[in-house]
Amino acid sequence: MDDTRLVFGIDLGTTYSCVAQVDQFDQAVVLRNFEGKSTTPSVVYFGEDGTITVGEDAKDASKTEPERTVSFIKRSISTDDAYNKPTKFPMGLDPTEISSYILKKIVKDANDAGQSDNEVKKVVITCPAYFGSKERERTKQAGIMAGLEVLAVLNEPTAAAIAYGMKVSDKKNIIVYDLGGGTFDVTIIRVNNGAITVIATGGDHHLGGVDWDTELAKYMLNQFNKEHGKSYGLDDDPVLRNQLMILAEEKKKSLSARDTVKATVTYEGDSTKMEITRDIFDQLTEFHLDETIEKTKEVIEIAKNKGTATIDEVLLVGGSSRMPQIKQRVDAELHCDAKLTDPDECVAKCAAIFALNESYNKAMEEYSEGMRDEPPAKMIRGTGGATGRINVINVTSKTYGMGCLDSETGADVVENLIFANSPLNGNCKASSTFYTVQDNQSGVSLPVFESDVTDEVNERTIPQNAAIPMEEGEPSVLKLTKKWPKETPIKVIFDIDTDGILHVHAEVEQDSIDFEMRIKGVKGQEELEAATAKIARAKIQ
Ligand code: AMP
C-alpha cells in the first residue's frame, strides 16, 4: 500500500475509544478490537501482579475492585490537580500516562487483528474542542508515550463536520452539538466545498453521559433506601457506587429505545425491584439538558457577533446524543430537524479521513519539491475522494495573555493577546512589548495566563484572578542571552499552532529566544522519553 495511506484516526473518548482507517476501497472503516467490537471502554484495571487490562474486562473489574480501576480519565486531563504525584491513581501514574495505556491497547488490538496491511503508527487523535493548549499537549504526549507519531490533534466536532462537509457542495453553517460520555462541546462550523472553518466553539468539560448516569444511579439508590429504611449515599462505598453507575448506564441506554425499563438494586443482602420510565429519567436529568442548551445559545451568540447569524443544519454527535430527550429539546429550542450522525464511529472515521488528507497534501508537496519520486496515489471514490480537498481551519478555545502590572493603577492584570475563537490558520500570533526594570537584567519572568473571555473590546485587560496561570507556582524565567540595561524592550510573541498548542518566544533586539514553560502534566523531553520507554515495556491486555 502507498505509505501515504498508512495513517489512522483515533477517537480517545471519555468512556469509549476507537481507531479507524481509510481502506483500499477509499472507505473510512473502524478497526475492531480483540473482542470484535468497534469501540473499547476507556477503562484501565491495574492487577495486583502488575498486569494492566484495558477495555471490557477492566470495566467489569470496576464493579468489584473499584480501587484498582480507573474510568473517565479524559476528564482528569483537564484538571491540574490530577497531575499532583503521588496521585490518587494506581502506580503513581498521571492521567496522560493512563491515557497512553488506553491508546496502546486499542492500537495493539488493531495491529494484532491484522485488519490493516500495516502497523498503526501515524495517527491523528481527536480531543474536545474546548481543550486548551495544555490539554492538547498532554493528549499529544499520551500518543507519543504509546509509541505513536501524532500527526495532529483534531477537534472532535470538526471531525464530525468533515463527514457532513464532504456530502454537501454548497456553503452551509452548521452547529455540531457533541454530547459524549464526559464532555460537552458545541461548535459552529462553516462548510463550503471541502473548506471547513470553525466559527465559534464552547462547551463544558465536566458534562456528559456520566452525569446522566449519576442522576439515575442516585434515583435507584433512593428507591432502595426507601424500601429498606436505609440512608446510603452514592459515595459511601466505591463498590456500591460502581455497581450502580454501571447499572444506570445500562438502563439509560435501554431507555433510549424503550419507554420503560426494569431494574434491580441489590446491596448487602437486600434488594429492590423497580420500574423506571423515560419520563422519570428525563425529569431527573432535565437540568443537565438545560445546561447544554444554555451553552449552545452562548456559542450561537458568539457566532452572531462574528457575523454568522444563520444556521442551516444541526448535527448531533457523541454517544449521549442518542437519548431521545436531546433531539426533542434541540429541535424545539433551535427550530430545526437535528441529524444524529453515527455517534460511535463518526469521529474516529473522520479523523482517519483528515489524517489521509494531511498525509496526501504533504506527499504532494514533497513530490513537487523533488523529495519523492512518485506522486501519492489519487483517491477517487467514497470518503477518500475528498483527498487533497479538505481544508480545516479551527479556532482556539481559550484566551491567552501575559501577566503584568497595570501602568496606571499598579494592579496585577493580564494583558490578553490572543482571544478564544481566533482562527488557527497557521498565523495565529500576537505580541506585546515589555521592558526590563533594572540595569544588567539577564532574565525576565513571563507569567502566561489562560481564560475563557471572548470579548476582545472590553476584556483586553482583566484582573489576574479572572484567569488561570499556565504554570503552577512561580512563573518560569526567560533567560536573556546577555545582560541588558533598564528599559530594554522585550517583545513577547504568542503563537498558537494548528493543533491549538501555544508557543511563546521573545525578541530582544536581534536575539530570538524560545520560552519553555513548566506546565503541569506536560513532560520535558527526558521525562517523555523515560515514560515512553516504561510504557513500551508494560504488558497490556
Ligand atoms: P462517546 O464519548 O461519544 O463515546 O459517548 C459515550 C457516552 O454515550 C456514554 O455516556 C454512553 O453511556 C452514552 N451512550 C451510548 N449509547 C447510548 C444510548 N443508546 N443512549 C444513551 N446514551 C448512550
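Just so it is clear, the model here is predicted, and its values are computed rather than measured.

The rules behind these values
- Residues numbered from 1 in each chain as written.
- Predicted model: local features only at pLDDT ≥ 70, side-chain atom pairs only at ≥ 80, totals over all residues.
- Heavy atoms only, no water.
- Helix = DSSP H or I, 4+ residues; strand = E, 2+ residues; numbered from the N terminus.
- Rg over C-alpha atoms; globule rule 2.2 N^0.38 Å.
- Buried < 20%, exposed > 50% of the residue type's maximum accessible area, 1.4 Å probe, protein only.
- Contact = heavy atoms within 4.5 Å.
- Areas by Shrake-Rupley, 256 points an atom, 1.4 Å probe, with all protein chains shown as cover.
- Lys, Arg positive; Asp, Glu negative; His and termini not counted.
- Charge placed at Lys NZ, Arg CZ, Asp CG, Glu CD.
- Near = heavy atom within 4 Å.
- Polar contact = N/O pair within 3.5 Å; in protein donor to acceptor, adjacent residues only side chain to side chain.
- Nonpolar A, V, L, I, M, F, W, Y, C, P; charged D, E, K, R; others polar.
- Pairing = 2+ DSSP bridges.
- Axes fitted to C-alpha atoms, helices over the stretch in contact; angles between N-to-C directions.
- Parallel < 35°, antiparallel > 145°, perpendicular 65-115°, else oblique.
- Left-handed = near helix turned anticlockwise from the far one by under 90°.
- Phe/Tyr/Trp six-rings, centres within 6.5 Å; stacked < 30°, edge-to-face > 60°.
- Lys NZ or Arg CZ within 6 Å of the ring centre and 35° of its normal.
- Domains from an automatic or database assignment.
- Expected span 1.5 Å × (residues − 1).
- Bend = angle between axes of the 7 residues up to and from the residue.

A. Representation of the overall build of the chain within the structure. Secondary structure summary: the chain contains 11 helices and 29 strands in total. Over its C-alpha trace the chain gives a radius of gyration of 24 Å, about what one expects of a compact globule, namely 24 Å for 541 residues. Along the three orthogonal principal directions, the C-alpha set of the chain runs to about 80 × 60 × 55 Å. For the chain, with 541 residues in total, the buried portion stands at 55%. Contacts in the chain between residues far apart in sequence, at least 24 positions, make up 67% of those at least 6 positions apart. Counting only carbon and sulfur atoms, one obtains 46% of the accessible surface of the chain, whose full area is about 23800 Å². Of the side chains in the chain, 62 bear a positive and 89 a negative charge, and the two mean positions are spaced by 3 Å.

B. How the structure looks around the site of the ligand. Every one of the 13 residues lining the ligand counts as a neighbour, but Gly-181, Glu-249, Lys-252, Ser-256 and Gly-319 are closest to it. The contact in question runs from an oxygen atom of the ligand to an N or O atom on the side chain of Glu-249, over 2.7 Å. The separation between an oxygen atom of the ligand and a polar main-chain atom of Gly-319 is 2.9 Å. Calculation on the ligand without its partners gives an accessible area of 500 Å², and the protein chains cover 90% of this total. Examining the composition of the shell around the ligand, we find that 4 residues originate from one element, helix α7 (residues 238-257), more than from any other. Of the residues in the shell around the ligand, the class split is 1 nonpolar, 8 polar and 4 charged.

C. Spotlight on the sheet that holds strand β6 (residues 52-54). With antiparallel pairing, 3 strands are arranged side by side in an open sheet as β6-β5-β7. Whereas interior strands pair on both sides, the edge strands pair on one side only; in this sheet they are β6 and β7 (69-70). Relative to β7, strand β5 (residues 44-46) runs antiparallel, the two being bridged by 2 bridges. Counterpart to Tyr-45 in the pairing with β7 is Thr-69. Docked against the sheet, helix α1 (residues 56-64) engages β5, β6 and β7, running at close to 105° with respect to β6. Sheet strands in contact with helix α3 (residues 95-112) are β5, β6 and β7, and its direction is about 70° off that of β6.

D. Representation of the packing of helix α6 (residues 209-228) against helix α8 (residues 278-305) in the model. Running from N to C, α6 and α8 cross one another at 150°; their axes reach a closest spacing of 9 Å. By the angle between their directions, the pair α6 and α8 is classed as roughly antiparallel. In terms of crossing hand, the pair formed by α6 and α8 is right-handed. Here α6 contributes Asp-211, Trp-212, Glu-215, Leu-216 and Tyr-219 to the contact with α8, which in turn contributes Ile-280, Phe-281, Leu-284, Thr-285, Phe-287, His-288, Leu-289 and Thr-292. A breakdown of the residues in the contact of α6 with α8 according to their chemical character gives 8 nonpolar, 3 polar and 2 charged.

E. Layout of the packing of aromatic side chains. Considering all chains together, one arrives at 5 aromatic pairs under this definition. A centroid spacing of 4.9 Å and a plane angle of 65° characterise the contact between Tyr-177 and Phe-184, whose relative ring orientation is edge-to-face. For Tyr-177, a relative accessible area of 1% translates into the label buried. For Phe-184, a relative accessible area of 0% gives the class buried. Following the ring pairs from residue to residue traces out a cluster consisting of Phe-224, Tyr-232 and Tyr-267. Taking the ring centre of Tyr-83 as reference, the NZ or CZ of Arg-138 above it sits at 4.2 Å.

F. Representation of the domain arrangement of the chain. Split by domain assignment, the chain resolves into domain 1 (209-283) and domain 2 (396-509). Taken over C-alpha atoms, the centre of domain 1 sits 49 Å from the centre of domain 2.

G. Examining α8 more closely. Compared with the 40 Å implied by 1.5 Å per residue over 28 residues, the 38 Å span of α8 between its first and last C-alpha is a close match. Where α8 bends most, at Thr-285, the angle is about 55°. Where α8 is concerned, the buried positions are Arg-278, Phe-281, Asp-282, Thr-285, His-288, Leu-289, Thr-292, Ile-293, Thr-296, Val-299, Ile-300 and Ala-303. Directly after α8, the chain includes Gly-307, whose backbone phi takes a positive value near 95°.

H. Representation of unusual backbone geometry in the model. Of note in the backbone geometry, Phe-72 takes a positive phi value of approximately 55° without being a glycine. By the element assignment, Phe-72 lies in the loop between β7 and α2 (73-77). Taking relative accessible area as the criterion, Phe-72 reaches 28% and is therefore assigned partly exposed. Here Asn-440, not a glycine, exhibits a phi torsion of approximately 60°, which is positive. Among the structural elements, Asn-440 can be located in the loop between β21 (428-435) and β22 (441-445). By relative accessible area, Asn-440 is classed as exposed at 56%.

I. Highlighting the packing of α3 against helix α4 (residues 133-145). Axis separation between α3 and α4 bottoms out at 8 Å; the angle between their running directions is 50°. Compared by their axis directions, α3 and α4 come out oblique. When you trace α3 past α4, the crossing you get is right-handed. Contacts between α3 and α4 pair Thr-96, Glu-97, Ser-99, Ser-100 and Leu-103 from the former with Arg-138, Gln-141, Ala-142, Gly-143 and Met-145 from the latter.

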